[in-house]
Amino acid sequence: MGSYKIRRLHVPENILGILEKNNLNTCKDVLSLSKLELQSLLGISRNKLENLLQEISKKCIADPETAYDIIKNQESTNVFLPLSLHSLDLLLQGGLPFGSITEFAGPPGVGKTQFCFMLSLLAALPSPCGLAESVVFIDTESAFSAQRIRSIALKRFPQVVRHDSDVILLLQRIFVHKVNSVIGLKEVVRQLEKEIIKNKVKVIIVDSIASLMRKEFGTDGIDSVMERNKILMEQAAVLKDLAQTYNIVVFLTNQIVSHLVEINSIIPDDSPDDEEANIDYNFQANHRKITSGTQCCCAVCHKRIWDCLN
């Protein structure tokens, strides 16, 4: 629980402002300093400092839960966000899970960004087609297209998107951050919690999570790789914490494909011989990864996601 945000504690605004100004945003950040350093930084009495540290320390120890409580909490909240593609929902055992991170990895052209557009709609559309909630779209490749989202909405969901006012309401629920540097990405991620609370966000999309890292750090040299991985792990930890704390869907795209596995056992026997489908699920500590080949992403209907969305 060292990643617990200081802002969530009942800390006086003047102290909170000083801590955030010095990039001390989590319990771990504050507790990494000595008492003398903190007292000098905050300008408060020793007693007030002790009370502050005691409250922060308590948050570093997670309260125990019974197995029954965990099951009841899961049953009382949304478990999956359906994707409106029956075959893909079937493969994903219900859709994208709330409270965790899902990564969609694959080469360029497979339809990752188009899938992100569709996911934005599923968060923003009114019931029964969507959640009628807000979505944060972090665009690191300048690929976001509001016009494309509008087109998909009008074509795929005419039952709930009939008038210009429906389109306007829909687009107003999608908050877009255009990021062109690693520093910019880190700052947007740092501010996400405020945005989640303010705008009642239920889905966060990052398209793509690693493109900026490749541009700024490259792929050669052990030092570059280590620095890039360190930043990725830091951002993933923050996103995972937000997903679990606020029970939201966090969806990342990535062009780095580390492993492709044929799933002929999943593809029906009567599928065309020239169709190939590669998809890999890694269920690890609330992180689901989908790796798709260029020919097919939806292994049941034998179409790329791009084709499924059109």
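Residues numbered from 1 in each chain as written. Predicted model: local features only at pLDDT ≥ 70, side-chain atom pairs only at ≥ 80, totals over all residues. Heavy atoms only, no water.

K.L.:
Sorry if this is basic, but what is going on with the pairing of strand β7 (residues 249-254) here?
P.N.:
For a regular strand, side chains alternate in direction, first toward one face of the sheet and then toward the other. Most of β7 is tucked away: 6 of the 6 residues are buried. What you see with β7 is no split at all: Val249, Phe251 and Thr253 on one side and Val250, Leu252 and Asn254 on the other are buried throughout. Where strand β3 (residues 100-105) meets β7, 6 bridges bridge the pair, whose relative direction is parallel. Looking at the pairing, threonine 102 lines up with phenylalanine 251 of β7. Where strand β6 (residues 201-207) meets β7, 4 bridges bridge the pair, whose relative direction is parallel. What sits directly across from isoleucine 205, in β7, is phenylalanine 251. (Buried < 20%, exposed > 50% of the residue type's maximum accessible area, 1.4 Å probe, protein only. Helix = DSSP H or I, 4+ residues; strand = E, 2+ residues; numbered from the N terminus. Pairing = 2+ DSSP bridges.)

K.L.:
Whenever I open this one, unusual backbone geometry confuses me. Can you help?
P.N.:
Peptide bonds are trans in most cases, and residues, glycine excluded, mostly fall at negative phi. Geometrically, the link from serine 127 to proline 128 is a cis peptide bond, its omega value of 10° lying close to zero. Here proline 128 shows up in the loop between α7 (112-124) and β4 (134-139). Cis geometry is adopted by the peptide bond preceding serine 208, which originates at aspartate 207 and carries an omega value of 0°. With respect to the secondary-structure elements, serine 208 resides in the loop between β6 and α12 (211-217). At serine 84, a position not held by glycine, the phi torsion is positive, near 65°. Although it is not a glycine, lysine 200 sits at a positive phi angle of roughly 55°. A relative accessible area of 60% means that lysine 200 is categorised as exposed.

K.L.:
Would you take a moment to explain the side chain of lysine 112 for this structure?
P.N.:
Secondary-structure assignment places lysine 112 in helix α7. Although lysine 112 is buried, it makes no salt bridge; aspartate 207 carries the closest opposite charge, 6.6 Å away. With residues near it in sequence (within four places) discarded, lysine 112 still touches Phe104, Ala105, Gly106, Pro107, Thr253, Asn254 and Gln255. (Lys, Arg positive; Asp, Glu negative; His and termini not counted. Salt bridge = Lys/Arg side-chain N within 4 Å of Asp/Glu carboxyl O. Contact = heavy atoms within 4.5 Å.)

K.L.:
Mind showing me how you'd approach the pattern of salt bridges here?
P.N.:
Charged atoms that come close allow side chains of opposite charge to pair. Using the criterion set out here, one finds 3 salt bridges in the structure. A salt bridge links glutamate 50 to lysine 35; the nearest nitrogen and oxygen atoms lie 2.9 Å apart. A residue pair is termed long-range when its members are at least 10 positions apart, and glutamate 50 in helix α4 (residues 46-59) and lysine 35 in helix α3 (residues 35-42) qualify at 15 residues. Classification of glutamate 50 by relative accessible area gives partly exposed; the value is 28%.

K.L.:
Help me out: how do you make sense of α7 in this one?
P.N.:
Side chains three or four residues apart in an α-helix point the same way, a direct result of the helix having 3.6 residues per turn. The end-to-end C-alpha distance of α7 is 19 Å, a good match for the 18 Å that 13 residues give at a rise of 1.5 Å each. Where burial is concerned, most of α7 is hidden: 13 out of the 13 residues are buried. (Expected span 1.5 Å × (residues − 1).)

K.L.:
In this structure, what is going on with the environment of valine 11? I would like to understand it.
P.N.:
Tracing the sequence through the fold places valine 11 in the segment before α1 (13-21). With relative accessibility at 9%, the residue valine 11 sits in the buried group. Spatially, the C-alpha atoms of valine 11 and isoleucine 56 are 9.6 Å apart, while their sequence positions differ by 45 residues. Once residues lying within four places of it in the same chain are set aside, the contact partners of valine 11 are Ile6, Leu16 and Leu52.

Remember that the coordinates give geometry; whether it matters functionally is a separate question.
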